[in-house]
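In case you want the letters, here they are:
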Amino acid sequence: GASRAELRLVTDALAEMETGLDGVAPFDLVFLDADKGRMLEYVETLVGNDNLLSPGGTIIVDNVLWKGAVVQQQQQQHNGGEDPEDGELGAEHKVSRRAKKLAGMMHRFNEAVVQDDRMEVVILPLRDGLSIIRKK
């Protein structure tokens with residue numbers, strides 16, 4: 001069949017998806033580099049609607065490891081909620097309060113998509129991390 005690629009830049013991608021994309025969807029591949037607090041909503045909207053993302057379609061999500069802070073968040077969770085000692089991580093791993101908040105959001109996102117039976121997920125630890133999600 002015919003192939004085509006379309007790049008769309010919008011201010012509120014979730015609203016755009018929810019109102020429908022007549023004539024352009026369903027997509028085979030979606031790249032998400034969006035509001036981290038709503039990332040799970042984006043993925044759930046795509047996976048839950050065959051008119052947006054084809055069955056077998058792929059979603060690539062950027063920044064899922066957020067400068068390594070997501071790994072720190074996981075370590076903190078395993079340490080009973082306490083921050084690892086500064087000496088354990090070194091100065092290069094210290095992160096701002098905002099980065100910790102974003103890392104927490106991405107940690108919860110990663111846990112949610114891995115546990116969702118509607119998709120298969122691979123996290124690539126390249127730079128700030130990429131998730132490759134295949135809709136079943």
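Look a little higher up for the structure.
Read on for an overview of the structure.

Further remarks concern the sheet that holds strand β1 (residues 27-32). One open sheet holds the four strands; their spatial order is β1-β2-β4-β3, and the pairing between them is mixed. Either end of the sheet is taken by a strand with one partner, and the two such strands are β1 and β3 (119-124). Neighbour-to-neighbour, the strand axes of this sheet turn through a mean angle of 15°, independent of strand direction. Note: β3 against strand β4 (residues 130-135), six bridges, orientation antiparallel.

Once that is clear, we can look at the nonpolar core. Ranked by internal contacts, the top residues of the largest apolar core, which has 22 residues, are Leu32, Val43, Leu46, Ile59, Val61, Phe109 and Ile133. No other element matches helix α2 (residues 39-47), which puts five residues into this core. Setting aside anything within four residues of it in sequence, one finds phenylalanine 109 in contact with Met39, Leu40, Val43, Val61, Val64 and Ile133.

If you check the backbone angles, asparagine 63 has positive phi at about 70° while not being a glycine. Checked against the element boundaries, asparagine 63 lands in the loop between β2 (53-62) and α3 (69-78). Asparagine 63 sits in the buried class, given a relative accessible area of 11%. Of note, arginine 127 is a non-glycine position whose phi angle comes to about 50°, a positive value. With respect to the helices, strands and loops of the structure, arginine 127 is situated in the loop between β3 and β4.

Summed over all chains, the structure comprises five salt bridges. Of the charged contacts in the structure, one is a salt bridge between glutamate 120 and arginine 134, with a shortest N-O distance of 3.2 Å. Remark: arginine 134 occurs in strand β4 and glutamate 120 occurs in strand β3; sequence separation between them is 14 residues. Of the residues examined, glutamate 120 reaches a relative accessible area of 39% and is grouped as partly exposed.

Quick look at the environment of alanine 103 now. Looking at the secondary structure, you find alanine 103 in helix α5 (residues 97-115). On the basis of relative accessible area, alanine 103 is assigned to the buried category, the value being 0%. Sequence-wise, alanine 103 and lysine 36 are 67 residues apart; in three dimensions their C-alpha atoms are separated by 9.0 Å.

A word on the side chain of threonine 45. With respect to the helices and strands, threonine 45 occurs in helix α2. A distance of 2.8 Å separates the side chain of threonine 45 from the backbone oxygen of glutamate 41, its partner in a polar contact. Once residues within four sequence positions are removed from consideration, threonine 45 is found in contact with Leu14, Met17, Glu18 and Leu52.

What counts and how
- Residues numbered from 1 in each chain as written.
- Predicted model: local features only at pLDDT ≥ 70, side-chain atom pairs only at ≥ 80, totals over all residues.
- Heavy atoms only, no water.
- Pairing = 2+ DSSP bridges.
- Helix = DSSP H or I, 4+ residues; strand = E, 2+ residues; numbered from the N terminus.
- Axes fitted to C-alpha atoms, helices over the stretch in contact; angles between N-to-C directions.
- Core = buried A, V, L, I, M, F, W, Y, C linked by side-chain atoms within 4.5 Å.
- Buried < 20%, exposed > 50% of the residue type's maximum accessible area, 1.4 Å probe, protein only.
- Contact = heavy atoms within 4.5 Å.
- Salt bridge = Lys/Arg side-chain N within 4 Å of Asp/Glu carboxyl O.
- Polar contact = N/O pair within 3.5 Å; in protein donor to acceptor, adjacent residues only side chain to side chain.

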